[in-house]
Amino acid sequence: MSVTNDPVKNPEFPGSPRTSCRLLALTLAGIVSSLTMANAAEDTAETFDLAASGDAPEVFEIGSDIPEVLTTTRLRQPKSRVPGTTTIITGEMIRDLGIMNLVEVFRLVPGMTVNAVGSNQPVTSYHGTVHYEQRRLQVQVDGRTAYTPSLSDMDWNAMPVPLELIERIEVSRGPNSAAYGINAFLGTINIITRAPEDTVGVQLRAVSGSRGYRRAFGSVGDASEDYRWRLAYEKRKSDGFDEQEDDGKIYPFHNGYDMNTFNYDSNLTFNNSYDLDLRAGVVDGIDEEDARKNGKLGADENYDTLVDDYYVQTRLNVSLSERHFFHIQTSFQNYDRRQRFTICIPESEFSQILDPGSSTPELTPCGRDETDPFRANLNEDIEESRLEFELQDTILFNPDLKLVSGLGYREDTYRSETFFNGRGTNYQSRIFGNLEYSPFRWLTLNSGGNWEKTTTTDEGYFSPRLAANFILSDNHTLRFVYSRAVRTPDAFEQNPDWSYRPRNVPPPFTDAEGQRFLVADLVDPATSTYGKTLEEERITSREISYFGQYYLDSSTLSLEVRYFNDQLRDMISGIINEGEWTIDNNVALDQEGFEVEASLDFPGTKLRVTYAYLDQNGRYTGDDDRDAGDRQYAIDLLGRLSVRHSGSVAWIQDLPFDLTSSAAFYFADEFRRSQFERADFRLARRIFATGYSYELALTMQHYLSRDPTLSPSNIIRDHNQFFVEAGVRF
Amino acid sequence: MKAPEHLNIPAKPGSAATRWHLVILALFLFVSQSIQMAAAQSAGGSLVYLAGSENSALNRRMRSLLDDALGSTTVIRSFQPGQTSQDATTPVIALGPEAFTRVRQENRNVPILALLVDQTFIDGYAERSGGSVSGILYDPPLLRQALAGKVILPQATRVAMLARPDTVELYEPLTEKLPDHGLEGKIFVVTSDDRLIPTLIRALNYGDFILAAPDNNIYNPRTIKHILLTAYRRNRIVIGPSQPYVRAGSLASTYTPLTEIADLAADFIEQYRAGGQFPPPAYPDNFSIQLNLQVARSLNIPLPDRQEIVRSVEQRLAGPRESADE
């Protein structure tokens, strides 16, 4: 029953390429004709205030040898003209608030929630949905797609982004496929690391804290006229949660991690018009898996995922003129995960598995003196890679008309004996564009779209976005945004070929050595949708938002309020594991709510408040063969990361004696089991001496709500957690 | 200490024909000079000379402004090379440091009022001259600049300044005054060229904004790109060093309009005639501010109206205590 917006199937779809071309041509013609009437003089006066300097020495070309540096090419779009609500978290704020893990930054973003699943796998989402395999956000690091190729979820523990290197994180709230392609379904996270030029010199930092938290960071870099570079290393490790619960009993929890990241970032300038960014990085480490939590098929002991990732990225920036520039970016990323574990299945149960006539039994652990059990080594090794190419061109026809357009191509390859019985590749290509037009000083219109074709569904999709920004006065903007996006099922959702091949099998089951045990045969046949072709998920989103800035008495106030109304259709819900495979396009969600982000800057004091209200209504739209419980469960799964109320309060205060304090409060009300409430306090002393500066800090995290929020296993014994930091820069 | 020279006035070379005309004109002027002088003085008007810069458009504009400011009783004549041998008592108005030096080298006793010069340039001459040399200062006073930064970013408390070891003194008088206005300042010393960016990065970590003085050792056409881009990436603004840098991407700089300079110059000339001495070098009271609206918008800084900023800075300059108590 699913409706597609594939132009081949739906030629009347307004976004089909032919129509959209015609629309674009019409729009362009209209705009160009109106431009001739536009008053060009307004621009100079407005952008540079020359009118004011009629009697200034500068008019007489004094200082004319000083180059114009911050040209339109280099300036970011002001919030008043951005087609949608964006939250920007600066690296400085992240460090001032004493945030210890990258993923925790997102608690500062209205509407985003953060939690952990499995053996401490962090997850985050904007406007919720599922907790396991959260795959509905586009995440980019310096323009490089960061989610994993086969299932589009995020491995936040293994991100090659040391906190010290974050310049800022921009989160576009709401579907943004028009600019970022089909995974930008609920939102887009852009992590921007610091330019090599900005970290010249040496920086060192060490952090140590509760639950085995250790972090060491070092970077060195230099800048000359035409070459700027930085080498950085970070080690981060943690023991994870203290303990877990299973059937009412408490057990130790094997869920820590120990990661090493190396990054090289550089920028080469060839001349005024050409420069090249060159980046490379390696992540190497282990992520602990607890058998009780992640163990499959009778896994009988804890094991570790060995992480071995790398990436290379180049970006050539070319500015043909002050009004026309483009970049070509290519990147290759490789994600290698080695997971090997031993299993033990009691003889009687394994015999049932071998018998094609009987259903898969509920597996029980082997007893201590189990006689003739089935023992074997299994693996869930997977190596995934992504080759990405992007060309993006920007033309400023005049200060009021700007066209950004481009092409993208992506090749996602995955190799896994277990998950794909070999290797597979998906190809995606896209063409995108956005026209920004300000016909009047008080109005900016954005119309953008992305047409993308992917081999996971062998279909093409058009995702449009239209926005009107009414600039009520210089400091007040009202936006109306309409956008549509799709998320196509990923390789593993769509084309799994999942099986296990036992190795090192002792008697009496030596015959099983190397045999393929298909998950298709193991999953519950009554509910299995394994092998079913899935359709894309679709979202239609409407936004009305306000952004305003006010000068108050010796302070500035920024306020952004977003109202949204989203219709999500054909949402894929269900379970993906070796005993159950029930995912299907079976839920429709209607989401409505509002979000507030406000910051107030006083001398020496910074206050920031966020709040989000989300009303989620789901209904089952899948096949009729499910009972009411299963239907409700499918709906519930899509609400695991969705909470009705969430927000944060942050207060950063400068104190005498070079001290800075901060306090932050984060809440989410509520997850499945409990609300999340934590208060963080940090006191730092920062000394700027001649030639070097250093910082010492103490951070305390206080859990006001002590119950695990989502999984009963995520137990933190002490509700006060402490961290000490020392850093130096010269 | 090397005098900063941010007045960079481009030369306008004339064609061969123009040059030939100029030579004839110069000869004519030279011959008729003494006759004119006598004529002017006998007509009851007083005389000043104007030694121009190499920028003829600027010279013309200043001349007409000075004409207005000095009134019809004063006659302005162009300063001619060699004329001081005949007349070393009539005051000369020099436009810019080069014109000043040109006149000064010809005759050290001639009274000169220098316009479009920096405090660091003219102060020494003025002190030694016993009132026969003064200037109308052109570089924006640093306190005024700092307060403009405070008005634009009311939440700012920390001002970062970059200096070379030998230009630290530019900022020192200011750092003492900042606490009166609810600000504190720190000077980050750049010990060598290759320490500029690392020092800037530390300064950006400290300051809510960068306050730039006209210090050619730090801010020049070669370095400004790196400084402005680095600051912009950190969401930090630069105030100053002077108006031309605002076009480059500095957020704001106050400046003195030429009319104000001309008015105060007329005032100084009058005082010289009355008492035989110039007052010490000074800034005109009124000023304007140049803003880079595009950069402000991009950084999401809601700028007050230009006049409002100027008014607010004037208030703060007038009564530091009051504004600190606010």
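Residues numbered from 1 in each chain as written. Chains lettered and ligands numbered in written order. Predicted model: local features only at pLDDT ≥ 70, side-chain atom pairs only at ≥ 80, totals over all residues. Heavy atoms only, no water.

## Concerning the overall build of chain B
- For chain B, the count of helices and strands is 13 helices and 11 strands.
- Out of the 326 residues belonging to chain B, those deemed buried represent 58%.
- Considering only residue pairs separated by 6 or more positions, chain B has 69% of its internal contacts joining residues 24 or more positions apart.
- Summed over all atoms, the accessible surface of chain B reaches about 13,400 Å², with 51% contributed by carbon and sulfur. (Helix = DSSP H or I, 4+ residues; strand = E, 2+ residues; numbered from the N terminus. Buried < 20%, exposed > 50% of the residue type's maximum accessible area, 1.4 Å probe, protein only. Contact = heavy atoms within 4.5 Å. Areas by Shrake-Rupley, 256 points an atom, 1.4 Å probe, with all protein chains shown as cover.)

## Notes on unusual backbone geometry
- That bond from A:D669 to A:E670 is cis: its omega, -10°, falls within 30 degrees of zero.
- Structurally, the position occupied by A:E670 is in the loop between β31 (659-669) and β32 (676-689).
- Located in the positive-phi region is A:F657, a residue other than glycine, with phi close to 60°.
- Given a relative accessible area of 65%, A:F657 falls into the exposed group.
- A positive phi angle, close to 60°, is found at B:L116, a residue other than glycine.
- Within the secondary structure, B:L116 sits in strand β4 (residues 112-117).
- Look at B:L116 and you get buried, because its relative accessible area is 1%.

## With respect to a negative patch on the surface
Residues and elements named next belong to chain B.
- Taken together, the side chains of D67, D68, D263, D267 and E270 define an acidic patch exposed on the protein surface.
- Within the residue set of the negative patch, elements represented by two or more residues are α2 (56-70) and α10 (258-275).
- Here the negative patch gets three residues from one element, more than from any other, and that element is α10.
- Checked against the element boundaries, D267 lands in helix α10.
- Residue classification places D267 among the partly exposed positions, given a relative accessible area of 37%. (Patch = residues over 30% accessible without salt bridge, like charges linked within 9 Å, V, L, I, M, F, W, Y side chains within 5 Å. Salt bridge = Lys/Arg side-chain N within 4 Å of Asp/Glu carboxyl O. Lys, Arg positive; Asp, Glu negative; His and termini not counted. Charge placed at Lys NZ, Arg CZ, Asp CG, Glu CD.)

## Side note on the state of the cysteines
Residues and elements named next belong to chain A.
- Counted according to the given criterion, the structure contains one disulfide over all chains.
- With its sulfur 2.0 Å from that of its partner, C344 forms a disulfide with C366. Here the disulfide of C344 and C366 is left-handed, its torsion about the S-S bond being about -105°. Of this pair, C344 sits in strand β16 (residues 324-345) while C366 sits in the loop between α6 (347-354) and β17 (374-379), placing them 22 residues apart in sequence. (Disulfide = S-S within 2.5 Å.)

## A closer look at the interface of chain B and chain A
- Contact residues are listed per partner, giving 69 residues for chain B and 63 residues for chain A.
- When chain B packs against chain A, the two sides together hide about 6,100 Å² of surface, and 52% of this comes from carbon and sulfur.
- Taken together, chain B and chain A are joined by five salt bridges.
- With its nearest N and O atoms 3.3 Å apart, the salt bridge here joins A:E197 to B:R233.
- Here chain B and chain A share 18 residue pairs in polar contact (both at pLDDT 80 or more) between them. (Buried area = accessible area lost by both parts, 1.4 Å probe. Polar contact = N/O pair within 3.5 Å; in protein donor to acceptor, adjacent residues only side chain to side chain.)

## A closer look at a nonpolar patch on the surface
- A contiguous nonpolar patch, built from A:F480, A:I544, A:Y563 and A:F594 and spanning about 320 Å² of accessible area, is present on the exposed surface.
- Within the secondary structure, A:Y563 sits in strand β27 (residues 555-573).

## Brief notes about the side chain of A:R337
Residues and elements named next belong to chain A.
- With respect to the helices, strands and loops of the structure, R337 is situated in strand β16.
- What makes R337 buried here is its relative accessible area of 9%.
- Of the polar contacts made by the side chain of R337, one reaches the side chain of D309; its length is 2.5 Å.
- Not counting residues within four places of it along the chain, the set of residues in contact with R337 comprises D155, A158, T305, L306, V307, D308, D309, E380, D381 and I382.

## What to know about the sheet that holds strand β3 (residues 92-95) of chain B
Residue and element names in this part refer to chain B.
- With respect to topology, five strands assemble into an open sheet ordered β2-β1-β3-β4-β5, the strand pairing being parallel. The open sheet has two free edges, formed respectively by β2 (74-78) and β5 (133-137), since each of these has just one partner strand. Here the strands of the sheet are splayed against their neighbours by 25° on average, with no regard to which way each runs.
- Pairing between strand β1 (residues 46-51) and β3: three bridges, direction parallel. Across the sheet, the residue bridging to L50 is I93, located in β3.
- Contacting β1, β3, β4 and β5, helix α3 (residues 96-106) crosses the sheet at an angle of about 160° to β4.
- Packed on one face of the sheet, α10 meets β1, β2, β3, β4 and β5 and runs near 165° to β4. (Pairing = 2+ DSSP bridges. Axes fitted to C-alpha atoms, helices over the stretch in contact; angles between N-to-C directions.)

## Remarks on the packing of aromatic side chains
- Tallying each qualifying case throughout the model produces 33 aromatic pairs over all chains.
- Where A:F688 meets B:Y206, the ring centres are 5.3 Å apart and the plane angle is 75°; that geometry is what we call edge-to-face. A residue pair is termed interchain when its members come from two chains, as with A:F688 in strand β32 and B:Y206 in helix α7 (residues 196-206). Accessibility classification places A:F688 together with B:Y206 in one group, the buried group.
- Members of the aromatic cluster, each reached through a chain of ring pairs, are A:Y414, A:F419, A:F420, A:F492, A:W498, A:Y500, A:Y530 and A:W581.
- Lying over the aromatic face of B:Y232, A:R76 brings its terminal NZ or CZ to 4.5 Å of the ring centre.
- If you follow B:K186 out to its NZ or CZ, it ends over the ring of B:Y206, 5.8 Å from the centre. (Phe/Tyr/Trp six-rings, centres within 6.5 Å; stacked < 30°, edge-to-face > 60°. Lys NZ or Arg CZ within 6 Å of the ring centre and 35° of its normal.)

## Points about the confidence of the model for chain B
Residues and elements named next belong to chain B.
- Considering every residue of chain B, the mean pLDDT works out to 83; 84% of them sit at 70 or more.
- Ranking the elements of chain B by mean pLDDT puts helix α13 (residues 320-325) last, at 47, and strand β8 (residues 209-211) first, at 96.
- Below a pLDDT of 50 lies the segment residues 1-14, which in the model reaches 38 contacts outside its immediate sequence neighbourhood of four places, other chains included.
- Taken as a whole, residues 34-44 scores under 50 in pLDDT and shows seven contacts with residues more than four places along the chain or in a different chain. (pLDDT = per-residue confidence, 0-100.)

## A word on helix α6 (residues 168-177) of chain B
Residues and elements named next belong to chain B.
- Restricting attention to buried positions, one finds in α6 the residues V168, L170, Y171 and L174. Within α6, the buried residues cover an arc of 135° as seen down the axis, which keeps them to one side. Facing away from the buried side of α6 by more than 90 degrees, the exposed set consists of E169 and E176.
- Lining the buried residues of α6 we find α4 (119-129), α5 (142-152), β6 (158-163), β7 (184-189) and β8. (Arc of directions from axis to C-beta.)

## Concerning the pattern of salt bridges
Residues and elements named next belong to chain A.
- Tallied over the entire structure, the rule returns 61 salt bridges over all chains.
- A salt bridge links E197 to R228, with the nearest nitrogen and oxygen atoms 3.8 Å apart. On the criterion of sequence distance, the pair formed by E197 in the loop between β7 (187-193) and β8 (201-209) and R228 in strand β10 (residues 227-238) is long-range, its members being 31 residues apart.
- What makes E197 buried here is its relative accessible area of 7%.
- Here E383 makes a salt bridge to R415, at a shortest N to O gap of 3.8 Å. Of this pair, E383 sits in strand β18 (residues 382-398) while R415 sits in strand β19 (residues 401-416), and the two are 32 residues apart along the sequence.
- The structure contains a network of salt bridges with shared partners spanning D96, E164, R205, R215, E234, R236, R682, R686, E695 and E725.

## Describing the sheet that holds strand β4 (residues 137-141) of chain A
All names here are of chain A.
- Strand order in this open sheet of five strands is β1-β6-β7-β4-β5, and the pairing throughout is mixed. The sheet is open, and its two edges are formed by β1 (85-90) and β5 (144-145), each paired on a single side.
- Where strand β6 (residues 166-173) lies against β7, seven bridges are found, and the strand directions are antiparallel. The residue bridging I169 from the neighbouring strand is I191, located in β7.

## Digging into the pairing of strand β30 (residues 645-655) of chain A
Residues and elements named next belong to chain A.
- Strand direction decides the pairing type here: strand β29 (residues 605-620) and β30, joined by nine bridges, are antiparallel. By the bridge assignment, A612 is partnered in β30 with S646.
- Both β30 and β31 contribute to a ladder of 11 bridges, which runs antiparallel. Bridge assignment links V649 to a residue of β31, and that residue is F665.
- What sits between the antiparallel neighbours β30 and β31 is a turn of three residues, in which F657 has the positive phi angle 60°.

## Focus: the nonpolar core
- Formed by 66 residues in total, the largest nonpolar core has its most connected members in B:I152, B:L162, B:L211, B:Y219 and B:I237.
- If sequence neighbours within four positions are ignored, B:L162 has contacts with B:Y171, B:F188, B:V190, B:L196, B:T199, B:L200, B:A203, B:I218 and B:Y219.
- Core analysis: the second largest hydrophobic core is formed by 59 residues, A:M93, A:Y126, A:L137 and A:A146 among them. (Core = buried A, V, L, I, M, F, W, Y, C linked by side-chain atoms within 4.5 Å.)

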